[in-house]
Amino acid sequence: EWTLPGVPFDSRGNRRSFTIASSPNEPEVHLGVTFYDPSSAFKARLGKMQPGDAIYGGQIRGDFTLQGNQNKKLAWIAGGIGITPFRSMAQSMIDQKLQADIVLLAREFLRDPYWPLEAAAEVHQPIAWPKQYLRAAAAGTAQRNGIIED
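## Things to note about the overall build of the protein chain
Counting its regular elements, the protein chain contains three helices and seven strands. Along the protein chain, helices (α) and strands (β) appear in the sequence β-β-β-β-α-β-β-α-β-α when read from the amino end. Evaluated residue by residue, the protein chain yields a buried proportion of 28% over its 150 residues. Of the contacts formed within the protein chain by residues at least 6 apart in sequence, a portion of 56% connects residues at least 24 apart. Surface exposure of the protein chain reaches about 10,100 Å², of which carbon and sulfur atoms provide 53%.

Structure representation (structure tokens):
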């Protein structure tokens, strides 16, 4: 559970549960949060946070790193905010320079559709661009022909 100082109580109190989306190796904590309009007093305050502002966590538990044999093929399926543990696991794999065959099906690509391309480039893994992105690549480039390499 997380709470923010100075947030008034609403019908749900002044605490919320969020999933940590950062890898254990990242210096900052990333939380998985969806904002709706209108937001609760808590989410309105959370959305206005600046670097250095305080948020307090309690009852933090769970293990969102990849365990066991990384040679297995993985299928990750998430709807909505349920993608946040996968972000943690994927970033942890990048940090550790691990490789695995993973298929991810999720809504998150609507928010950051380029994340798979950026992650693949970070680990020097050529991947095919999704077909809907190809028209955005310059004519005659490798990307326009369906392959991205760094």
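## A word on the side chain of glutamate 26
Its location among the elements puts glutamate 26 in the loop between β3 (19-20) and β4 (31-32). One polar contact links glutamate 26 to histidine 30, side chain to side chain, over a distance of 3.5 Å. With residues near it in sequence (within four places) discarded, glutamate 26 still touches Arg87, Gln91 and Asp95.

## Let's talk about the environment of lysine 73
Along the chain, lysine 73 turns up in the loop between β5 (56-57) and β6 (74-77). Residue classification places lysine 73 among the exposed positions, given a relative accessible area of 68%. Between the C-alpha atom of lysine 73 and that of alanine 100, which follows or precedes it by 27 residues, the distance is 6.6 Å.

## Observations concerning the environment of alanine 44
Looking at where alanine 44 falls in the secondary structure, it is placed in helix α1 (residues 41-47). Since its relative accessible area comes to 34%, alanine 44 is described here as partly exposed. Through-space distance from the C-alpha of alanine 44 to that of valine 7 is 9.3 Å; in sequence the pair is 37 residues apart.

## Here we look at the pairing of β6
Of the strand pairs in this sheet, β6 and strand β7 (residues 102-105) are connected by four bridges, and their pairing is parallel. In the strand pairing of β7, leucine 74 is matched with isoleucine 102. The parallel pair β6 and β7 is bridged by helix α2 (residues 84-96), and the resulting crossover is right-handed.

## A look at the packing of aromatic side chains
The tally for this structure, following the rule as stated, stands at one aromatic pair. With centroids separated by 4.9 Å and ring planes inclined at 5°, the aromatic side chains of tryptophan 76 and phenylalanine 86 adopt a geometry described as stacked. In this pair, tryptophan 76 sits in strand β6 while phenylalanine 86 sits in helix α2, placing the two residues ten residues apart along the sequence. Relative accessible area serves as the criterion here: at 14%, phenylalanine 86 is assigned to the buried category. Positioned above the aromatic ring of phenylalanine 35 is the side chain of lysine 43, whose terminal nitrogen or guanidinium carbon lies 6.0 Å from the ring centre.

## A closer look at the confidence of the model for the protein chain
Interpretation of this model should avoid reading the predicted coordinates in detail wherever pLDDT is low. Here the protein chain shows a mean pLDDT of 76. Residues at 70 or above account for 79%. When pLDDT is averaged over each helix and strand of the protein chain, the minimum, 71, is found for strand β1 (residues 2-3) and the maximum, 85, for α1.

Scoring rules and cut-offs
Residues numbered from 1 in each chain as written. Predicted model: local features only at pLDDT ≥ 70, side-chain atom pairs only at ≥ 80, totals over all residues. Heavy atoms only, no water. Helix = DSSP H or I, 4+ residues; strand = E, 2+ residues; numbered from the N terminus. Buried < 20%, exposed > 50% of the residue type's maximum accessible area, 1.4 Å probe, protein only. Contact = heavy atoms within 4.5 Å. Areas by Shrake-Rupley, 256 points an atom, 1.4 Å probe, with all protein chains shown as cover. Polar contact = N/O pair within 3.5 Å; in protein donor to acceptor, adjacent residues only side chain to side chain. Pairing = 2+ DSSP bridges. Right-handed = clockwise from strand over helix to strand, strands pointing away. Phe/Tyr/Trp six-rings, centres within 6.5 Å; stacked < 30°, edge-to-face > 60°. Lys NZ or Arg CZ within 6 Å of the ring centre and 35° of its normal. pLDDT = per-residue confidence, 0-100.

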